[in-house]
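Each chain, written out:
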Amino acid sequence: MSLPHFTLPTADLLSGALMVQGTTSDAGKSTLVAGLCRLFARQGVNVAPFKPQNMALNSAVTIDGGEIGRAQALQAIACQLPPHTDFNPVLLKPSSDTGAQVIIHGKALTTLEAKAFFGPESRGYKTLALAAVMQSYRRLQQQYSLVVIEGAGSPAEINLRDGDIANMGFAEVADCPVIIIADIDKGGVFAHLVGTLALLSPSEQARVKGFVINRFRGDISLLQPGIDWLEAYTQKPVLGVLPYLHDLHLDAEDALIDSPQNPLSATLPTTQRLSVLVLVYPRISNHTDFDPLRLHPHIDFHYVTMQSDASSTVWPNADVIILPGSKNVRADLAFMRQQGWDIKLKTHLRYGGKVIGICGGYQMLGELIDDPLGIEDIAGCSKGLGLLPITTVLTVSKTLTQVRGHLRLQHQQAEFSGYEIHCGESSLTQSDVTQPLSIEQDAQQTMPITKLDGMVSNDQQILATYVHGLFDHPAACQLILQWAGLASHHAIDINQIREQQLNRLADVLEAHLDMNTLKGIIS
Ligand SMILES: NC(=O)CC[C@H](N)C(=O)O
């Protein structure tokens, strides 16, 4: 994700805080917060985003060398700010169904079982996490006139209420107003809103200042009687009904979205089309790496999941197969083998196909992955796919850095910028290898000398790197696609698309929300 390097004028037009909570996960909280951030930033308000606790595998590296949830990095961009760890002081990254890595103020602290941060034994964790959350929040209050806060999941999960820091528990300590968003597309919107409110304590109920109905399609006049009823029943205003936004391309934090149907690509000659498959293992991470490929009109982009993987023994139509990042490389590698994907990958290579490995995917392509301390899973060592001459050891110290430099492929070069986020350290087991990336600077500009990264196999079929976000840079993306066999010179500038989409979202909010009432709630 690129960092816009300009500062906003400090305007005291609006000051205070607003927390957006949702009736469910995916109700639209992150998007509403991002849109409000852009809308207020555009109006000259000195605004910052905040999410006390996030649970996600898709994180972004911050300017202060930590990591935060992807949604908060997007919201920071909406505010025209570089991502900072204070925007998301607690991040839980699940590495199995019951355990997660706990990141506090951007740094991995420990790995805990779920009951240690949600259940009755979670006191210790919650005290520590709340202290970190409030430290960050107070810092933001001092630096910004407005903080727009995102809750997590639903505030009505009564089993998780004790010591909650993600929803009402935070709102009560921080004493901030709350609005609740609900998704009408899935149905049951009135029951969701009324039910959520009913399950809150009286002081929490008083804190809820209004509702937003999201993803509405159809005739608004048919909805009006329901809105009138809801307002009369709850004595709280509906601040707006937001339309279903088709083709809203903003970095999705959790959802994996396949390529939008592109009627144009079907009519293009095969040299101007590239078929790309990304393998989805259970702990895939940083899938936003692929947004520029998903949106590229000359790419047929697909995720291969356990469910979508047909019973065929090869992936016949793929030009490129990508092994993405992973939060649990050894377990995901074992999953690949269980699915027979390792065999299909080798068949694909035998047929002359290309393979790209990113971070965890790069490690899997090597000879060995050793986790002697049990950083990601039970301690142990796994044999890699044996396609690249590297071995990897997972270490306690995690590399978290934004990088820039040059990519050299097929006697051409292109600038790139991106980020590294990994515990693994890889060593070459052969000396005569081609390393195509030269990293010339980290974001803090402290790196004095060039560091080489990644690898192109001698047969030119495999390209691998530790750097995420490589496709975000149009020139680097084009060079890689050319290496993969695409003759088209079409380039996608994801940063420009992101800007357009944030402005589009802000326009929609401005048109559909009662901004005067909302500003009254904030102040
Ligand atoms: N982002 C990634 O793919 C990380 C790979 C691996 N889990 C590591 O930490 O080294």
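Let us look at the structure shown here. Keep in mind that what you see is a predicted model, and the values were worked out from it rather than measured.

**Concerning the overall build of the protein chain**
Reasoning step 1: A count of helices and strands for the protein chain gives 16 helices and 26 strands.
Reasoning step 2: A compact globule built from 523 residues would reach a C-alpha radius of gyration of about 24 Å, and the protein chain, at 23 Å, matches this within 12%.
Reasoning step 3: Projected onto its principal axes, the C-alpha coordinates of the protein chain cover approximately 70 × 55 × 50 Å.
Reasoning step 4: For the protein chain, the proportion of its 523 residues judged to be buried stands at 57%.
Reasoning step 5: Sequence-distant contacts in the protein chain: of pairs separated by 6 or more residues, those separated by 24 or more amount to 74%.
Reasoning step 6: When the accessible surface of the protein chain is summed, it comes to about 20800 Å², and 54% of that surface belongs to carbon and sulfur atoms.
Reasoning step 7: Placing the 37 positive and 51 negative side-chain charges of the protein chain at their respective mean positions leaves the two points 1 Å apart.

**Comments concerning the site of the ligand**
Reasoning step 1: Taken together, 15 residues lie around the ligand, and S326, Q363, E376, C423 and G424 are the ones closest in.
Reasoning step 2: One of the backbone nitrogen or oxygen atoms of G360 is found 2.9 Å away from an oxygen atom of the ligand.
Reasoning step 3: Note that an oxygen atom of the ligand is positioned 2.9 Å from one of the side-chain N or O atoms of Q363.
Reasoning step 4: Notes on the ligand: free accessible area 290 Å², of which the protein chains cover 95%.

**So, the side chain of T85**
Reasoning step 1: Summarising the element assignment, T85 is placed in the loop between α2 (70-78) and β6 (90-94).
Reasoning step 2: Looking at T85, its side chain comes within polar contact range of the side chain of D64, at 2.5 Å.

**Structural notes on the side chain of S154**
Reasoning step 1: Its location among the elements puts S154 in the loop between β9 (146-150) and α5 (168-174).
Reasoning step 2: With residues near it in sequence (within four places) discarded, S154 still touches G22, T23, T24 and N167.

**Re unusual backbone geometry**
Reasoning step 1: For Q80, which is not a glycine, the phi torsion comes out positive at approximately 60°.
Reasoning step 2: If you trace the backbone, Q80 turns up in the loop between α2 and β6.
Reasoning step 3: For N286, which is not glycine, the phi dihedral falls at a positive 55°.
Reasoning step 4: Secondary-structure assignment places N286 in the loop between β14 (284-285) and α10 (291-294).
Reasoning step 5: Residue N286 is classed as buried on the basis of its relative accessible area of 2%.

**Remarks on the sheet that holds strand β25 (residues 455-456)**
Reasoning step 1: The strand order β15-β13-β16-β18-β26-β25 describes an open sheet built from 6 strands, whose pairing is mixed. On the outer flanks of this sheet lie β15 (299-304) and β25, each paired with one strand and no other.
Reasoning step 2: In the sheet, strand β13 (residues 274-279) pairs with strand β16 (residues 320-323) via 3 bridges, with the strands oriented parallel. Directly across from V278, in β16, lies its bridge partner I322.
Reasoning step 3: This element, helix α14 (residues 474-483), spans β13, β15, β18 (354-358), β25 and β26 (462-465) of the sheet and lies at about 145° to β18.

**Here we look at the pattern of salt bridges**
Reasoning step 1: Within the structure shown, the criterion is met by 18 salt bridges.
Reasoning step 2: Two residues, K398 and E67, come together in a salt bridge whose shortest N-O distance is 2.7 Å. Note that K398 is positioned in strand β21 (residues 390-409) and E67 in strand β5 (residues 67-69), a separation of 331 residues in sequence.
Reasoning step 3: Look at E67 and you get buried, because its relative accessible area is 0%.
Reasoning step 4: For D300, the salt bridge goes to R273, with nearest N and O atoms at 3.1 Å. Note that D300 is positioned in strand β15 and R273 in the loop between α9 (263-267) and β13, a separation of 27 residues in sequence.
Reasoning step 5: Taking the relative accessible area as the measure of exposure, R273 reaches 25% and is therefore partly exposed.
Reasoning step 6: What you see here is one network of salt bridges that share partners, running through D26, D183, K186 and R215.

**Examining helix α4 (residues 123-143)**
Reasoning step 1: The end-to-end C-alpha separation of α4 is 30 Å, in line with the 30 Å expected for 21 residues at 1.5 Å each.
Reasoning step 2: Among the residues making up α4, those that are buried are Y125, K126, A129, A132, V133, M134, S136, Y137 and L140.

**Quick notes on α14**
Count 3.6 residues to each turn of an α-helix, and residues three or four apart come out pointing the same way.
Reasoning step 1: Every buried residue of α14 is listed here: A476, C477, L479, I480, L481 and W483.
Reasoning step 2: Immediately downstream of α14, the backbone of G485 shows phi near 110°, a positive value.

**Details of the sheet that holds strand β8 (residues 107-113)**
Within a sheet, neighbouring strands are paired by backbone hydrogen bonds and run either parallel or antiparallel to one another.
Reasoning step 1: Ordered by their spatial adjacency, 4 strands build an open sheet running β3-β6-β7-β8, and the pairing between neighbours is mixed. With partners counted over all chains shown, the strands left at the sheet margins are β3 (53-55) and β8, one partner each. Here the strands of the sheet are splayed against their neighbours by 25° on average, with no regard to which way each runs.
Reasoning step 2: Here β3 pairs with β6 via 3 bridges, running parallel. When the bridges of β6 are listed, M55 appears paired with L92.

**Things to note about the packing of helix α1 (residues 29-42) against helix α16 (residues 515-522)**
Reasoning step 1: Packing of α1 against α16 leaves a shortest axis separation of 14 Å and a crossing angle of 90°. With respect to each other, α1 and α16 are oriented roughly perpendicular. Touching L36, L39 and F40 of α1 are M515, L518, K519 and I522, all from α16.
Reasoning step 2: A per-class count over the contact of α1 with α16 returns 6 nonpolar, no polar and 1 charged.

**Some thoughts on the packing of aromatic side chains**
Reasoning step 1: If you walk through the whole model with that rule in mind, you get 9 aromatic pairs.
Reasoning step 2: Ring centres 5.4 Å apart and planes at 40° place the aromatic pair F50 and Y137 in the tilted group. Here F50, found in strand β2 (residues 47-50), pairs with Y137, found in helix α4; they are 87 residues apart in sequence, far enough to count as distant.
Reasoning step 3: Relative to Y466, the ring of Y362 has its centre 5.4 Å away and its plane inclined at 65°; by these criteria the two rings are edge-to-face. Placement of Y362 in helix α13 (residues 360-365) and of Y466 in the loop between β26 and α14 is noted, with a sequence separation of 104 residues between them. Each member of the pair, Y362 as well as Y466, is classed as buried.
Reasoning step 4: Here the aromatic residues F50, Y137 and F170 are joined through ring pairs into a cluster of three or more.
Reasoning step 5: Between the NZ or CZ atom of R217 and the centre of the ring of Y244, over which it lies, the distance is 3.8 Å.
Reasoning step 6: Over the face of the ring belonging to W483 we find K354, whose NZ or CZ atom lies 4.6 Å from the ring centre.

Thresholds, definitions, all that
- Residues numbered from 1 in each chain as written.
- Predicted model: local features only at pLDDT ≥ 70, side-chain atom pairs only at ≥ 80, totals over all residues.
- Heavy atoms only, no water.
- Helix = DSSP H or I, 4+ residues; strand = E, 2+ residues; numbered from the N terminus.
- Rg over C-alpha atoms; globule rule 2.2 N^0.38 Å.
- Buried < 20%, exposed > 50% of the residue type's maximum accessible area, 1.4 Å probe, protein only.
- Contact = heavy atoms within 4.5 Å.
- Areas by Shrake-Rupley, 256 points an atom, 1.4 Å probe, with all protein chains shown as cover.
- Lys, Arg positive; Asp, Glu negative; His and termini not counted.
- Charge placed at Lys NZ, Arg CZ, Asp CG, Glu CD.
- Near = heavy atom within 4 Å.
- Polar contact = N/O pair within 3.5 Å; in protein donor to acceptor, adjacent residues only side chain to side chain.
- Pairing = 2+ DSSP bridges.
- Axes fitted to C-alpha atoms, helices over the stretch in contact; angles between N-to-C directions.
- Salt bridge = Lys/Arg side-chain N within 4 Å of Asp/Glu carboxyl O.
- Expected span 1.5 Å × (residues − 1).
- Parallel < 35°, antiparallel > 145°, perpendicular 65-115°, else oblique.
- Nonpolar A, V, L, I, M, F, W, Y, C, P; charged D, E, K, R; others polar.
- Phe/Tyr/Trp six-rings, centres within 6.5 Å; stacked < 30°, edge-to-face > 60°.
- Lys NZ or Arg CZ within 6 Å of the ring centre and 35° of its normal.

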